[in-house]
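Notes for the structure review
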Amino acid sequence: LTSSPPPFLKTLNEISQIWGTTMLKNPFDKLSIRTKLFGSFGLILMAPAVVASLAILGLNRVASIFTDYRGAARQSLAVNDVTKAFTEARLRVMQYRLGFSSERAQQVRGAIEELVAKEERISELFTGAEKDELIRLKTIAGEYGVKFDEFSAVQGEITQITAGLYEDGLAASKALTS
């Protein structure tokens, strides 16, 4: 025999007969009908089990992704709340600067306290560098609240002095004209 089959052999069965091999024969030909039926029944039972296993693994992966998404959504909403509180505090400060009054000063103080409280609540949702940044912002907001209280006290003294000067000016002008 040669290493390659002669060109006149047309079918695979002829090649396998000449080489004397059974590599091209069907390995299931020697099995009994009973074994073939049980084997096919077993494969049919295993197919849904494999599909179910893949489905469970996929659902677990999706559930994990959804949990991460919910955490990110909570963080996003919390940052939005802090941003709103910060904007409200800035608005209150601008209103206070337009007309210095104790009522507006209380509104500013309340807005700053709300900002600090919201930052404390959202720091639970963050970790690492983000949490450190939130702690730093909370510290800055607290320091700003202290400085605002000091400024408000000084502004109250300025308002009292200005009112006193106004009264003294009116009394002096009456004294000079009489």
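Only a predicted model underlies this, so the values are computations on that prediction, with no experimental measurement involved.

Rules of the game
Residues numbered from 1 in each chain as written. Predicted model: local features only at pLDDT ≥ 70, side-chain atom pairs only at ≥ 80, totals over all residues. Heavy atoms only, no water. Phe/Tyr/Trp six-rings, centres within 6.5 Å; stacked < 30°, edge-to-face > 60°. Buried < 20%, exposed > 50% of the residue type's maximum accessible area, 1.4 Å probe, protein only. Helix = DSSP H or I, 4+ residues; strand = E, 2+ residues; numbered from the N terminus. Core = buried A, V, L, I, M, F, W, Y, C linked by side-chain atoms within 4.5 Å. Contact = heavy atoms within 4.5 Å. Polar contact = N/O pair within 3.5 Å; in protein donor to acceptor, adjacent residues only side chain to side chain. pLDDT = per-residue confidence, 0-100. Expected span 1.5 Å × (residues − 1).

**As for the packing of aromatic side chains**
Here the structure, examined in full by the defined rule, presents five aromatic pairs. Centroid distance Tyr-96 to Phe-100: 5.2 Å. Interplanar angle 75 degrees. Geometry classified as edge-to-face. By relative accessible area, which is 2% here, Tyr-96 ends up buried. For Phe-100, a relative accessible area of 39% gives the class partly exposed. Plain terms: the ring middles of Phe-100 and Phe-151 are 6.2 Å apart, the flat faces sit at 65 degrees to each other, and that makes the pair edge-to-face. Here the residue Phe-100 occupies a position in the loop between helix 2 (33-98) and helix 3 (102-122), and Phe-151 occupies one in helix 4 (residues 128-177), the gap between them amounting to 51 residues. Each member of the aromatic cluster is reached from another via a ring pair, and the members are Tyr-96, Phe-100, Phe-148 and Phe-151.

**Observations concerning the nonpolar core**
The biggest cluster of nonpolar side chains holds nine residues, and these are Ala-78, Val-82, Ala-85, Leu-115, Val-116, Ile-122, Phe-126, Leu-134 and Ala-141. Residue assignment for this core shows that the elements contributing at least two residues are helix 2, helix 3 and helix 4. In this structure Val-116 touches Lys-138, Ala-141 and Gly-142, once residues within four positions along its chain are discounted. Residues Tyr-96, Ala-105, Val-108 and Ile-112 belong to the second largest nonpolar core, which totals six residues.

**Overview of the environment of Thr-177**
Within the secondary structure, Thr-177 is located in helix 4. By relative accessible area, Thr-177 is classed as exposed at 69%. Reaching out from Thr-177, the side chain makes a polar contact with the backbone oxygen of Ser-173 at a distance of 3.0 Å. Among the polar contacts made by the side chain of Thr-177, one reaches the main-chain carbonyl oxygen of Lys-174 at a distance of 3.1 Å.

**Considering the side chain of Gln-155**
Tracing the backbone shows Gln-155 in helix 4. According to the relative accessible area criterion, Gln-155 is buried, its value standing at 11%. With near-sequence residues (within four places) excluded, Gln-155 lies in contact with Tyr-96 and Phe-100.

**Things to note about the confidence of the model for the protein chain**
Considering every residue of the protein chain, the mean pLDDT works out to 82; 85% of them sit at 70 or more. Confidence, expressed as mean pLDDT per element, reaches its minimum in the protein chain at helix 1 (residues 12-19) with 61 and its maximum at helix 2 with 89.

**Considerations on the environment of Gln-106**
With respect to the secondary-structure elements, Gln-106 resides in helix 3. What makes Gln-106 exposed here is its relative accessible area of 58%. Taking the C-alpha atoms as reference, Gln-106 lies 9.5 Å from Tyr-96; in sequence the two are ten residues apart.

**Here we look at helix 2**
Taking 1.5 Å per residue, 66 residues should reach 98 Å; helix 2 reaches 97 Å between its end C-alpha atoms and fits that length. Of the positions making up helix 2, those classed as buried are Ala-78, Val-82, Ala-85, Ala-89, Val-93 and Tyr-96. Among the structural elements, helix 3 and helix 4 are those in contact with the buried residues of helix 2.

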